[in-house]
Amino acid sequence: MIEVKNNQCIDLTDLHSVPYDYFMDTAVAQKFRCMNIAARRNKENIDAFILMTSASSTLYLEYVEFKPGKVYPSIGKTVPSWINFERELAENFGVKYADNPWLKPIRFPKDACHKLSMAEYPFFKENGSGVHEVAVGPVHAGVIEPGHFRFMCRGEKIDHLEIQLGYQHRGIENLMCQGKIASKRVLAESICSDSAVINSYLYFNILENALKITVPERALAIRTIAVELEKAALHLSTLSGIANDIGYVMGAAFAGATRTYIINSLQSICGNRFGRGLMTLGGVAFDIDDELNSKLTDTLNMVYDRVSHLRNTMMESPGVRSRLELTGTVSKETAAATGFTGVAGRASGVDIDGRIFMDNPFYKQQPETKYSFIRKGDVFSRTCLRIDEALASLKLVLDILKKLPSGAILSAECGKFASNMLILSIGEGPRGEYIHMAVTGPDENVPFESYKVKDPSFINWFALALSVRNNQISDFPLCNKSFDLSYSGNDL
Amino acid sequence: MKSIIFNIVFLFVLPYLMYGIAKKVKAFFARRKGPSIWQYGYDLAKLLRKEEVLSDFSCLRNGGVLTLSGVLAAAMFIPQISGSSILNLGYYDYILFIYMLSFSRFFTIITAMESGCSFEGMGSSRELIFSVTGEIALMMTVASLAFYGKAENFNGIFNAISNGGTEGLIIAIIASFILFVLMLLEGSRMPIDDPETHLELTMIHEAMVLDQSGPQLAFMSFSGMVKVYLFASFIISLILATCKTSSYYWLFFILGIIIISVIIGLIESLQARLRMVHVQQYILFSAAISLILLLSVIIFKV
């Protein structure tokens, strides 16, 4: 097990595999949180590069070889944050786990290792009088992505929710490894379109590390602005959704309109409201000149006031509070054990913030977060946290705009593509901790042997399933919206 | 005869106009332009022209017609725009009014249950639970009004309120308040039900019509609108009875309809919807007031 840093290139020849049992004992004893597992086929065996973190936010990397046909004991049984990664390994590479509590396909692609039909993975069933089953989706009434929700209810009360996703599976990770590297920016941006900026940010981090490019400070500033604007935009769109779900018309209209100002600001920088095409290898493709800078400052100051107004009106309205408070609670213990990141974790009191891993000087100056509410892990906490975070993001953007570093926006130097390396890239985006991991190939014709993306929704969908237990089924849409997770980010 | 035709014509115009006005108010608060106030009428006309999709297994194919017929039958007994009701039975038409509303609700629920859909099952159970309490409130309110006027029909009730002076005014106001809450319940408006939500799991009334289409859906939607209109007419008739208006009655009536629609719109714009577990308390609250009204009428009148 080696200690690693974000954006580090790790030479694969330096890594030595450890026996699974030994690794499992350490992971279980130290209660490591699994962050991502990049795997590749190595002849018959499966090489798994496991990125994990300890409670003190130190990153560790471990290299484990899985042999075909052998059955392994599950870590997820004792440390729940591993369950989904084990499911993924089992599905993509056919690793066999003996006692994983829920070894069901996550995406169920046609070329999965298991040649079983989906009917052999039945939904969790509950028997008894008064128990009824409600199936929602995958086609929904609203403008949301496909996903299937299966409830076991007792009257109006939810006993159990099972979430079945995978309808948006496009094979992003495989596509990343195929063909020319030049076209992959578009692919990275389409992993999840409302977090296009953070995904392309992490993708270019990997490429720049592989090519030993240092991004100029001005370009990094513009990248950070885009990441933070994207975060604020998503938070406001969620707020609008929450207000709409509880029938609070004014809040929905106000938050929705405010979000438009933010995404229009992104458009005025790069021509796309979701920040597509802004990033490029070695920097950014669009500069912010003085005229645009003052225009952005004016708009974002106005947006800041509007969001503060939303905090003081909507979140103080008795009707709204009665709907949001103590609905869909996730306890701190659950959130910590299952490793929820982003809003889902922080609203429950788990301080996991991907920004501490990012070597971005603009985040180092950030003051410590002050919460304007008590973190109870309910819908109200998540809604308030979204407003707090949107305000913090806007403040950071305004600070950077005030002291925008001068210089070039593109790096001139370019090294040789590093082969046989494992490159990490971790970042904090709108939904939590985004992680890209790449294993570079032996020569430039095969840039990536394996490319692994982790969207925070991959783990955070659990939070939704846990939060609705013992809640009214009529509150489910509200809980769902308060997490506002990505379907395509999970399905890849 | 003229007043009957007058009533019937406006019975088919004012209900969706009320919804249109409420929608316009909501749009104003969302800083939107909003659809025309006639939009609900256009929607109904569109639905009536559409084809109906029915399951091969459905055995109750006229749920919308039955629901609407119940509501229209109830509409016969309430004084409307002309100041008098369409039909004058003479005896205990208020009881028939309540039963006709229950009749129509029965067929809405039976149609929803018949589809076998889990959403519609949930919608039906919610509708039943809430309307059971609502019915108690309506029954007690009408009973207290009838007891107050020793009236045998709606006309008697309004005559008594009209001749009751201050006493009549107080009773009319309290009854109007209860009827307003019941109107929101029957018309599935906010804060009880959100008519515009797309979330099946939070719906009450909307969930019950998920499988309806074409003319049957038009009848179902229209009966909801007529119910709101009937309760609004009831309230306006009570208030106007205390004012003893006779000339330009229709003008005051339309003004009342507009005011009630605007209030519905205001509630929907300024308030969040109630949590489902609180809806029952909200309706129980109106039932409690109706009980107090009934008891005080009995105590002070006897």
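Residues numbered from 1 in each chain as written. Chains lettered and ligands numbered in written order. Predicted model: local features only at pLDDT ≥ 70, side-chain atom pairs only at ≥ 80, totals over all residues.

Summing up its helical and strand segments, chain A has 16 helices and 15 strands in all. Across its three principal directions, the C-alpha atoms of chain A cover 70 × 60 × 40 Å. Counting across all 492 residues of chain A, residues that qualify as buried make up 49%. Here the analysis covers contacts within chain A between residues at least 6 apart in sequence; of these, 69% occur between residues at least 24 apart. (Helix = DSSP H or I, 4+ residues; strand = E, 2+ residues; numbered from the N terminus. Buried ≥ 20, exposed ≤ 12 C-beta atoms within 10 Å, placed from the backbone. Contact = placed C-beta atoms within 7 Å.)

Helices and strands together make up the secondary structure of chain B, namely 12 helices and 0 strands. Going from N to C terminus, chain B has its helices and strands arranged as α-α-α-α-α-α-α-α-α-α-α-α. What you see for chain B is a C-alpha radius of gyration of 19 Å, in line with the 19 Å of a compact globule of 302 residues. Principal-axis analysis of the C-alpha atoms gives chain B an extent of 55 × 40 × 35 Å. Of all 302 residues assigned to chain B, the portion counted as buried reaches 51%. (Rg over C-alpha atoms; globule rule 2.2 N^0.38 Å.)

It is worth spelling out the pairing of strand S5 (residues 59–66) of chain A at this point. Residues and elements named next belong to chain A. Pairing between strand S1 (residues 2–4) and S5: 3 bridges, direction antiparallel. Within S5, the residue paired with Glu3 across the bridge is Tyr60. Sheet topology places strand S4 (residues 45–53) next to S5; 8 bridges connect them, and they run antiparallel. Pairing of Asp47 across the sheet is with Glu65, part of S5. The antiparallel hairpin formed by S4 and S5 contains 5 residues in its connecting segment, where Ser57 sits at a positive phi of about 60 degrees. (Pairing = 2+ DSSP bridges.)

Here we come to the sheet that holds S5(A). All names here are of chain A. One open sheet accounts for 4 strands, arranged S1-S5-S4-S3; its pairing is antiparallel. Pairing within the sheet leaves two strands with one partner each, and these edge strands are S1 and strand S3 (33–42). Strand after strand, the sheet turns through a mean of 30 degrees between neighbouring axes, direction not considered. Of the pairings in the sheet, the one linking S3 to S4 comprises 9 bridges and is antiparallel in character. (Axes fitted to C-alpha atoms, helices over the stretch in contact; angles between N-to-C directions.)

Residues and elements named next belong to chain A. In this model, helix H8 (residues 290–313) (24 residues) spans 35 Å end to end at C-alpha, consistent with the 34 Å of a helix rising 1.5 Å per residue. For H8, the full list of buried residues reads Leu296, Leu300, Val303, Val307 and Leu310. Buried residues along H8 sit against helix H6 (217–245), helix H7 (249–270) and helix H13 (379–402). (Expected span 1.5 Å × (residues − 1).)

Grouped together as the largest cluster of nonpolar side chains are 228 residues, with contacts concentrated most on B:Met18 and B:Ala232. Examining the composition of this core, we find that 18 residues originate from one element, helix H10 (residues 214–243) of chain B, more than from any other. When residues of this core are sorted by domain, at least three fall in each of domain 1 (2–106) and domain 2 (172–491) of chain A. If we skip the residues at most four places from it in the chain, B:Met18 touches B:Met225, B:Val228, B:Tyr229, B:Ala232, B:Ile257 and B:Ser261. (Core = buried A, V, L, I, M, F, W, Y, C linked by C-beta atoms within 7 Å. Domains from an automatic or database assignment.)

A separate point is unusual backbone geometry. The peptide bond linking B:Met190 to B:Pro191 adopts the cis configuration, its omega dihedral lying at 0 degrees. Turning to its location among the elements, B:Pro191 is positioned in the loop between helix H8 (165–186) and helix H9 (205–208). Positive phi outside glycine occurs at A:Lys212, with the angle close to 55 degrees. Position of A:Lys212 relative to the elements: it lies in the loop between helix H5 (196–210) and H6.

Further remarks concern H8(B). Along its 22 residues, H8(B) runs 30 Å from first to last C-alpha, staying within 8% of the 32 Å computed at 1.5 Å per residue. Where H8(B) terminates, the next one or two residues include B:Ser188, which has phi positive at roughly 45 degrees.

When the parts of a complex come together, some accessible area is lost, and that lost area is often used as the size of the interface. At the junction of the two partners, chain B supplies 22 residues and chain A supplies 24 residues. For the side of chain B that touches chain A, the elements supplying multiple residues, two or more each, are helix H2 (14–29), helix H11 (249–270) and helix H12 (276–301) of chain B. Its residues placed into classes, the side of chain B that touches chain A shows 8 nonpolar, 6 polar and 8 charged. (Nonpolar A, V, L, I, M, F, W, Y, C, P; charged D, E, K, R; others polar.)

All names here are of chain B. With respect to the secondary-structure elements, Glu114 resides in helix H5 (residues 93–114). Residue classification places Glu114 among the partly exposed positions, given that 17 C-beta atoms sit within 10 Å. In this structure the C-alpha to C-alpha distance between Glu114 and Leu66, which are 48 residues apart in sequence, comes to 14 Å. Once you skip the residues sitting within four places of it in the chain, Glu114 turns out to touch Ser58, Cys59 and Leu60.

All names here are of chain A. Under the domain assignment, chain A is made up of domain 1 (2–106) and domain 2 (172–491). Inter-centroid distance (C-alpha atoms) of domain 1 to domain 2 is 26 Å. With 22 residues of domain 1 at the interface, the matching set in domain 2 holds 27 residues. Only strand S2 (9–11), S3 and S4 provide two or more residues apiece to the side of domain 1 that touches domain 2. The biggest single contributor to the side of domain 1 that touches domain 2 is S3, with 6 residues. Split into classes, the residues belonging to the side of domain 1 that touches domain 2 amount to 11 nonpolar, 8 polar and 3 charged.

Next up on the list: the packing of H6(A) against helix H15 (residues 476–483) of chain A. Residues and elements named next belong to chain A. Closest axis-to-axis distance for the H6/H15 pair is 9 Å, and the angle between their directions is 170 degrees. Regarding the angle of H6 to H15, the classification is roughly antiparallel. Taken together, the residues of H15 that come into contact with H6 (itself represented by Thr238, Gly241, Ile242 and Asp245) are Pro477, Leu478, Lys481 and Ser482. For the contact of H6 with H15, the per-class residue count stands at 3 nonpolar, 3 polar and 2 charged. (Parallel < 35°, antiparallel > 145°, perpendicular 65-115°, else oblique.)

Quick look at the environment of B:Val132 now. Mapping B:Val132 onto the fold places it in helix H6 (residues 118–149). As for B:Val132 and B:Ser102, which are separated by 30 residues in sequence, their C-alpha atoms are 9.7 Å apart.

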